[in-house]
Amino acid sequence: MEMRKTVLLAMMLFCTTAYSQTFEVVPLGVYGGNHEDNLSSYLIGEYQNNAYLALDGGTINAGIRKAIALKTFNEPASRVLKDYIKGYFISHGHLDHLAGMIINAPADAPKSIYATPGMIDVLKNHYFIDATWANFGNEGTLPIRKYRYKRLYLGEVDSVENTNMTIQAFDLSHVSPMRSSAALVSIAGSSVLYLGDTGADRVEGTKDLEYLWKAIAPIVIAKQLKALMIEVSFPNAQSEKLLFGHLTPALLSEEMEKLAQFTGKEALRELNVVITHMKPEAGQVEEIKRELIEDNPLALNYIFPEQGRRLIF
């Protein structure tokens, strides 16, 4: 009898999951820091559609090759790069979030870069210039025009070309006054929220995350937020004076409690929270994981992504 109950429960869970799958996320890079073959980049797309937006571009080619080795993709790396990736969202101008996109530009196909106007200025003025790399953008001096700049204005919803997704940008603080950004990616009433590097409001002296939590509260309450992808770069032992615009497990909990003020705690129970940008020095990754799991009063479903392994939401 107990075995029959277990099988029935498993079937019910399978059916619920099967009918609720909207997004797939393929991590091409999961770390922050100096692992140049595994830095922040996540392909997000509609489930079983192979039309992705890259959320940041720290590592591209090495991540694609890892995904192929794990059978996540069964196509040549060049096809994934050129055809599957329909565009890039770049959250801010640090190399661990865009170096892979820049290095792979000569081999890429034409597509769009989605970013805030300030981030596009960084690309135009510092990266896609002859002194550092050819100008693969469509603006500036001697543009090759492979990439088209698509400016994301706060509060506006834009379509992601050649996909069924929309994108909306939000402001973040990353070592105030430096700006970073978040992207709310949506398909037919379901969403995933991806944050670039961000500090906590209290540490940064801003209200950027408070504004973001208030904005997304309605979709959290409605169970339309499939996943929250947010960085935790350091364990709790890191001094707040040495965070450089990043989060710890304790600071993430502080921010999630703030979100709960707008949603109620029950709405956050088992919310998928994908932890990004962990810095892998000296055993920090395992310490971050332990601290998150052991202090989880809101019963969040923490997910620790692996390079090349598909996540389904």
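This report concerns the structure included in the present document. All of these numbers come straight from a predicted model, not from anything done at the bench.

### Things to note about the nonpolar core
The tendency in soluble globular proteins is for nonpolar side chains to be buried side by side. Judged by nonpolar contacts, the single largest core of 37 residues is most densely connected at Leu193, Leu195, Leu212 and Trp213. Among the secondary structure elements, those contributing two or more residues to this core are strand E8 (166-173), strand E9 (179-187), strand E10 (190-195), helix H7 (208-221), strand E11 (225-231), helix H8 (249-263), strand E12 (272-276) and helix H9 (284-294). If you look at the next biggest cluster of nonpolar residues, it comprises 29 residues, including Leu28, Ile64, Ile113 and Leu123.

### Concerning the sheet that holds E8
Strand order across the open sheet formed by seven strands is E7-E8-E9-E10-E11-E12-E13, with mixed pairing between neighbours. Of all strands in the sheet, those with a lone pairing partner are strand E7 (157-159) and strand E13 (301-303), marking the two edges. On average, each strand axis in the sheet is tilted by 25° relative to the strand beside it, whichever way the strands run. Note that E7 and E8 share three bridges and pair antiparallel.

### What about the pairing of E12?
Of all five residues in E12, five are buried, a share of seventy percent or more. Here E12 shows a buried face lined by Asn272, Val274 and Thr276 and a second buried face lined by Val273 and Ile275. As paired strands, E11 and E12 are joined by four bridges and run parallel to one another. When the sheet's bridge partners are listed, Leu228 is paired in E12 with Val273.

### Remarks on the pairing of E10
For E10, the tally of buried residues reaches six of six residues, placing the bulk of the element in the interior. Of the strand pairs in this sheet, E9 and E10 are connected by six bridges, and their pairing is antiparallel. The residue bridging Leu184 from the neighbouring strand is Leu193, located in E10. Linking E9 to E10, which pair antiparallel, is a turn of two residues; within it Ala188 sits at a positive phi near 45°. Two strands pair when backbone bridges link them, and E10 and E11 are joined in this way by four bridges, in the parallel orientation. Directly across from Val192, in E11, lies its bridge partner Ala227.

### Quick look at helix H2 (residues 61-69)
Every buried residue of H2 is listed here: Ala62, Gly63, Ile64 and Ala67. Looking at the buried side of H2, the elements it contacts are strand E1 (23-29), helix H3 (77-84) and strand E4 (85-89). Among the residues trailing H2, Lys71 stands out with phi positive, at a value near 70°.

### What about the side chain of Asp96?
By secondary structure assignment, the location of Asp96 is in the loop between E4 and helix H4 (99-103). Nearest to the buried, unbridged Asp96 among oppositely charged side chains is Lys279, at 5.0 Å. For Asp96, the side chain forms a polar contact with the side chain of His277, separated by 3.1 Å. Excluding residues that lie within four positions of it along the chain, Asp96 makes contacts with Gly32, Gly33, Leu39, Ser40, Gly58 and His277.

### Digging into the environment of Leu55
Looking at the secondary structure, you find Leu55 in strand E3 (residues 52-55). The buried category is assigned to Leu55, whose relative accessible area is 0%. In the structure, Leu55 is positioned 143 residues away from Thr198 in sequence and 15 Å away in space, judged by C-alpha atoms. Excluding anything up to four places from it in sequence, Leu55 contacts Ser40, Ser41, Tyr42, Ile44, Phe89, Val185, Tyr194 and Met229.

### What to know about H9
Within H9, the full set of buried residues consists of Gln284, Val285, Ile288, Glu291 and Leu292. The arc enclosing the buried residues of H9, seen along the axis, measures out at 135°, which places them on a common side. Facing away from the buried side of H9 by more than 90 degrees, the exposed set consists of Glu286, Ile293 and Glu294. Where H9 is buried, its residues contact H8, E12 and E13.

### Topic: the sheet that holds strand E5 (residues 111-115)
Taking strand neighbours across the sheet as the criterion, the seven strands line up as E6-E5-E4-E3-E2-E1-E14 in an open arrangement whose pairing is mixed. Each edge of the open sheet carries a strand with a single partner, namely strand E6 (147-151) and strand E14 (311-312). One ladder, built from three bridges, connects E4 with E5; its direction is parallel. Considered in E5, the bridge of Phe89 is made with Tyr114.

### Notes on the side chain of Lys226
Along the chain, the position of Lys226 falls in strand E11. As a buried residue without a salt bridge, Lys226 has its nearest oppositely charged side chain in Glu46, at a separation of 11 Å. The residues contacting Lys226, other than those within four sequence positions of it, are Ser20, Thr22, Phe23, Ser190, Ser191, Val192, Asn272 and Phe313.

### Re the packing of H7 against H8
How two helices sit against one another is set out by the angle between their axes and by the gap between those axes. Relative orientation of the contacting elements H7 and H8 amounts to 50°, with a least axis distance of 8 Å. Taken together, the axes of H7 and H8 lie oblique to each other. Handedness of the H7/H8 crossing: right-handed. On H8, the residues touching Leu209, Glu210, Trp213, Lys214, Ile216, Ala217, Val220 and Ile221 of H7 are Glu255, Met256, Lys258, Leu259, Phe262 and Thr263.

The rules behind each value
- Residues numbered from 1 in each chain as written.
- Predicted model: local features only at pLDDT ≥ 70, side-chain atom pairs only at ≥ 80, totals over all residues.
- Heavy atoms only, no water.
- Core = buried A, V, L, I, M, F, W, Y, C linked by side-chain atoms within 4.5 Å.
- Buried < 20%, exposed > 50% of the residue type's maximum accessible area, 1.4 Å probe, protein only.
- Helix = DSSP H or I, 4+ residues; strand = E, 2+ residues; numbered from the N terminus.
- Pairing = 2+ DSSP bridges.
- Axes fitted to C-alpha atoms, helices over the stretch in contact; angles between N-to-C directions.
- Contact = heavy atoms within 4.5 Å.
- Lys, Arg positive; Asp, Glu negative; His and termini not counted.
- Salt bridge = Lys/Arg side-chain N within 4 Å of Asp/Glu carboxyl O.
- Polar contact = N/O pair within 3.5 Å; in protein donor to acceptor, adjacent residues only side chain to side chain.
- Arc of directions from axis to C-beta.
- Parallel < 35°, antiparallel > 145°, perpendicular 65-115°, else oblique.
- Left-handed = near helix turned anticlockwise from the far one by under 90°.

In short, geometric facts, not functional conclusions.
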